[in-house]
Amino acid sequence: MKKAFVALLAATAMAGIGLQGTATAAATGWPEGCTSFKASDGNGWAAYCDSGNGGRWKATAKCAPWSGDAIIERDSGSWSSNNLSFAFCPPMTTVVGGSFWTRSY
């Protein structure tokens, strides 16, 4: 019985040593060189970052309804890591400003 227990401990120790690997963290940075501006081809806002650094960004637009109601915000539907991000205002509104969101990924 004692020999079986010692053999089990030894096998467990060897399995643990054999399965160990090196842990490497993925690059999780924040975007750099980000800017946003009124989209030239429509009623919306665009955002772009020079370097993603493993992070993401998306545009957000501030839209004023023609009826004079409160300003609403619309975000881009998806996060971007290497392209322009667009957020468009709904019909019967006008873009009056905007910005962007960033996140580490």
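In this text the structure is predicted, and so the values were computed from the model without any measurement. (Residues numbered from 1 in each chain as written. Predicted model: local features only at pLDDT ≥ 70, side-chain atom pairs only at ≥ 80, totals over all residues. Heavy atoms only, no water.)

Draft legend 1. Fine view of the overall build of the protein. Looking only at helices and strands, one finds 1 helix and 6 strands in the protein. Ordered by position from the N terminus, the helices and strands of the protein form the series α-β-β-β-β-β-β. For the protein, with 105 residues in total, the buried portion stands at 26%. The contacts of the protein with a sequence gap of at least 6 include a subset with a gap of at least 24, amounting to 62%. For the protein, the accessible surface area stands at approximately 7,200 Å², while carbon and sulfur atoms represent 60% of it. (Helix = DSSP H or I, 4+ residues; strand = E, 2+ residues; numbered from the N terminus. Buried < 20%, exposed > 50% of the residue type's maximum accessible area, 1.4 Å probe, protein only. Contact = heavy atoms within 4.5 Å. Areas by Shrake-Rupley, 256 points an atom, 1.4 Å probe, with all protein chains shown as cover.)

Draft legend 2. Representation of the state of the cysteines within the structure. Overall, the coordinates contain 2 disulfides when judged by the stated rule. The disulfide that involves Cys34 links it to Cys49, with 2.0 Å between the sulfurs. Measuring handedness by torsion sign, the sulfur bridge of Cys34 and Cys49 sits at about 105° and is right-handed. Separated by 15 residues along the polypeptide, Cys34 in strand E1 (residues 32-38) and Cys49 in strand E2 (residues 44-51) bring together distant segments of the chain. In this structure Cys34 comes out as partly exposed when scored by relative accessible area, which is 23%. When the bonded cysteines of the protein are numbered from the N-terminus onward, they pair as 1-2, 3-4. (Disulfide = S-S within 2.5 Å.)

Draft legend 3. Region of interest: the packing of aromatic side chains. Within this structure, the stated rule accounts for 2 aromatic pairs. Plain terms: the ring middles of Tyr48 and Trp57 are 6.0 Å apart, the flat faces sit at 75° to each other, and that makes the pair edge-to-face. For Tyr48, a relative accessible area of 31% puts it in the partly exposed group. With a centroid separation of 5.7 Å and 10° between ring planes, the pair formed by Phe86 and Phe88 is classed as stacked. (Phe/Tyr/Trp six-rings, centres within 6.5 Å; stacked < 30°, edge-to-face > 60°.)

Draft legend 4. Expanded view of the sheet that holds strand E6 (residues 93-104). Here we have 3 strands laid out as an open sheet, ordered E4-E3-E6, and antiparallel in their pairing. Only two strands of the sheet have a single neighbouring strand rather than two, namely strand E4 (72-75) and E6. Along the sheet, successive strands turn relative to each other by an average axial angle of 25°, direction set aside. Sheet analysis places strand E3 (residues 55-65) next to E6, joined by 11 bridges and oriented antiparallel. When the bridges of E6 are listed, Ala61 appears paired with Gly98. (Pairing = 2+ DSSP bridges. Axes fitted to C-alpha atoms, helices over the stretch in contact; angles between N-to-C directions.)

Honestly, that's just the spatial picture; any functional story needs more than this.
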